[in-house]
Amino acid sequence: MSAGCYHKGIANDNKNGVRNDDYLKPILTAYYVFPVLAALFTLPYIIRQYHKYGSILVLRTGIVYTFIFYMMTSYFMTILPLPAIDSVTPESATMLLTPFDAVRRWLDGCSFVLTDFSTYKDTFTNPDFLQIVFNILLLLPFGVYLRYYFNRRWYQVLLLSFLYSLFFECTQLSGLYGIYPYPYRFFEVDDLICNTLGGMIGFWITPALLFFLPSRKKLDETAYRRGSEVSSFRRLFGLLADYTIILGVYFCVWKFTDVLQSFSHSIQLFLIPLFAFCYFTVCAILFHGTTFGKFLVSIRLERTGKKNTKKHAAAHVPVLLLLLREGILHLLLIPSPYYILLMYSALSAGPSKRTEMLLVCGASSLIAFVIFFIFNFCYCFIGKNRDLFYDRLCRIHVTSSTSGTTQTSQSSL
């Protein structure tokens, strides 16, 4: 509990009608708010991990999110519980600038005798003592995270712990950034000392934790090793990112212009796969086998059997083969359910026998094509050669571009 949320906080909060057990509220508040914020952090963190390493480690993700949870909890402990605004007066809190005054209050308020065990309970449950302990513990995890995950040196941990504690104190001194007319908790120099000491203790005990956790260097090596293979989810994520752009642009054109209004509804929907085909083809030609989505996850297209440099990889992918690949994927495979639905709707309208036969043959062919793709996907997923049929047909690989190297795809999407 930062900045004296125990002793001085209790004094003021009891005065303002706040129960002592309300100090559980900061942790509970963080617990309920965290899932919402975690959802906001998920997408950019995945993008950053994919772009840098080409993979995501569950342990790394857990470390980052526990750090976010810790930062939220410590902040809520700083500002909660909140008293009523009209209960905060100029006398509610002052600045206590005498160093180690908390230690003096603790020693004066207890009758500790080393040889008398009956005095131990009162001594170590004294509010002033608990304030000191909790203020030390508050920033102890901060020092651990700074050394273990962020690779900070001791003087950096010392400075950052002090500044983080000072942020707590200034938050309270400002009356929660001006929401309160006066500070509702004390600004105490002892809190700065205890919080900073807690950060340094965290720095000192971090080597003991390395016995149970891999080092940051080991995490990076594992991430890069896994990133050398292009997973199915990695390709799918890049594809979804590209289609988000495609659908966003299409919606803006449809919503804010009259360009598409002259076309029928069926033609308007067909323009989506046509635009996707043009987008993927043009981007692959202009940007060396990559698109925006592929760039986010650090993958690109490369000609099979060619040892290409990162800069000129796309020069070895012939345009005709690229057109064939993107046409199969974006003009035929992805929109095939829509085509089947159109044919089924046309059959319901009672066409002529010849047209009906053509529609049945076309729908059956597309259904067989989709089934073939599903089997091909399953086979590639469990087999050694994970390039899909359209990749093998066009002699094109999807490769990883992380760490400045190019590795062959072991993917199935």
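Treat the numbers as computed from the prediction; the structure is a model and nothing was measured. (Residues numbered from 1 in each chain as written. Predicted model: local features only at pLDDT ≥ 70, side-chain atom pairs only at ≥ 80, totals over all residues. Heavy atoms only, no water.)

1. Description of the packing of aromatic side chains
- For the structure on display, the rule yields 19 aromatic pairs.
- The interplanar angle of 20° and the centroid separation of 6.1 Å between the aromatic rings of Tyr75 and Phe167 together place this pair among those described as stacked. Remark: Phe167 occurs in helix 7 (residues 154–173) and Tyr75 occurs in helix 3 (residues 58–79); sequence separation between them is 92 residues.
- Accessibility expressed as a relative area gives 23% for Tyr75, which makes it partly exposed.
- Seen from their ring centres, Phe369 and Phe389 are 5.8 Å apart, and the 90° between their planes marks the pair as edge-to-face. Here Phe369 is found in helix 16 (residues 353–382), whereas its partner Phe389 is found in helix 17 (residues 389–394), with 20 residues between them in sequence. (Phe/Tyr/Trp six-rings, centres within 6.5 Å; stacked < 30°, edge-to-face > 60°. Helix = DSSP H or I, 4+ residues; strand = E, 2+ residues; numbered from the N terminus. Buried < 20%, exposed > 50% of the residue type's maximum accessible area, 1.4 Å probe, protein only.)

2. Let's talk about the pattern of salt bridges
- Enumeration according to the criterion identifies three salt bridges in this entry.
- In this structure, Arg325 and Glu326 form a salt bridge, with 3.1 Å as the shortest nitrogen-oxygen distance.
- Arg325 sits in the buried class, given a relative accessible area of 3%.
- Among the salt bridges present, the one from Asp391 reaches Arg325, with a minimum N-O distance of 2.7 Å. One end of the pair, Asp391, is in helix 17; the other, Arg325, is in helix 14 (residues 319–333), and 66 residues separate them in sequence. Like Arg325, Asp391 is buried.
- Three or more residues joined by partner-sharing salt bridges are found here, namely Arg235, Arg325, Glu326 and Asp391. (Salt bridge = Lys/Arg side-chain N within 4 Å of Asp/Glu carboxyl O.)

3. Describing the confidence of the model for the protein
- Averaged over all residues, the pLDDT of the protein is 77; the fraction at 70 or higher stands at 77%.
- A low-confidence stretch, residues 308–315 (pLDDT under 50), is modelled with 17 contacts involving residues beyond four sequence positions or located in other chains. (pLDDT = per-residue confidence, 0-100. Contact = heavy atoms within 4.5 Å.)

4. A look at unusual backbone geometry
- A positive phi angle, close to 60°, is found at His288, a residue other than glycine.
- Of note in the backbone geometry, Arg395 takes a positive phi value of approximately 55° without being a glycine.
- When you line up the elements, Arg395 lands in the loop between helix 17 and strand 4 (396–400).
- Owing to a relative accessible area of 45%, Arg395 belongs among the partly exposed residues under this scheme.

5. Topic: a nonpolar patch on the surface
- Side chains of Val282, Ile285, Leu286, Phe287, Val319, Leu320 and Leu323 sit close together on the surface and give an oily, nonpolar patch of about 670 Å² of accessible area.
- Contributions of two or more residues to the nonpolar patch are made by helix 12 (265–286) and helix 14.
- With respect to the element layout, Leu323 can be found in helix 14. (Patch = residues over 30% accessible without salt bridge, like charges linked within 9 Å, V, L, I, M, F, W, Y side chains within 5 Å. Areas by Shrake-Rupley, 256 points an atom, 1.4 Å probe, with all protein chains shown as cover.)

6. Notes on the pairing of strand 3 (residues 299–303)
- Burial within strand 3 is extensive, with five of its five residues counted as buried.
- Of the two faces of strand 3, the one carrying Ile299, Leu301 and Arg303 and the one carrying Arg300 and Glu302 are both buried.
- Note: strand 3 against strand 4, five bridges, orientation antiparallel. Looking across to strand 4, one finds that Ile299 is bridged to Ser400. (Pairing = 2+ DSSP bridges.)

7. What about the side chain of Gln131?
- In this structure, Gln131 sits in helix 6 (residues 127–148).
- Its relative accessible area of 2% is what places Gln131 among the buried residues.
- Only 3.5 Å separates the side chain of Gln131 from the side chain of Asp191, close enough to count as a polar contact. (Polar contact = N/O pair within 3.5 Å; in protein donor to acceptor, adjacent residues only side chain to side chain.)

8. Concerning the nonpolar core
- Counting residues in hydrophobic clusters, the biggest one holds 28 residues, and the most contacted among them are Ile63, Tyr70, Ile79, Leu139, Phe142, Tyr164 and Tyr184.
- Among the secondary structure elements, those contributing two or more residues to this core are helix 3, helix 6, helix 7 and helix 9 (189–209).
- With ten residues, the single largest contributor to this core is helix 3.
- Residues Ile299, Leu301, Val317 and Leu322 belong to the second largest nonpolar core, which totals eleven residues. (Core = buried A, V, L, I, M, F, W, Y, C linked by side-chain atoms within 4.5 Å.)

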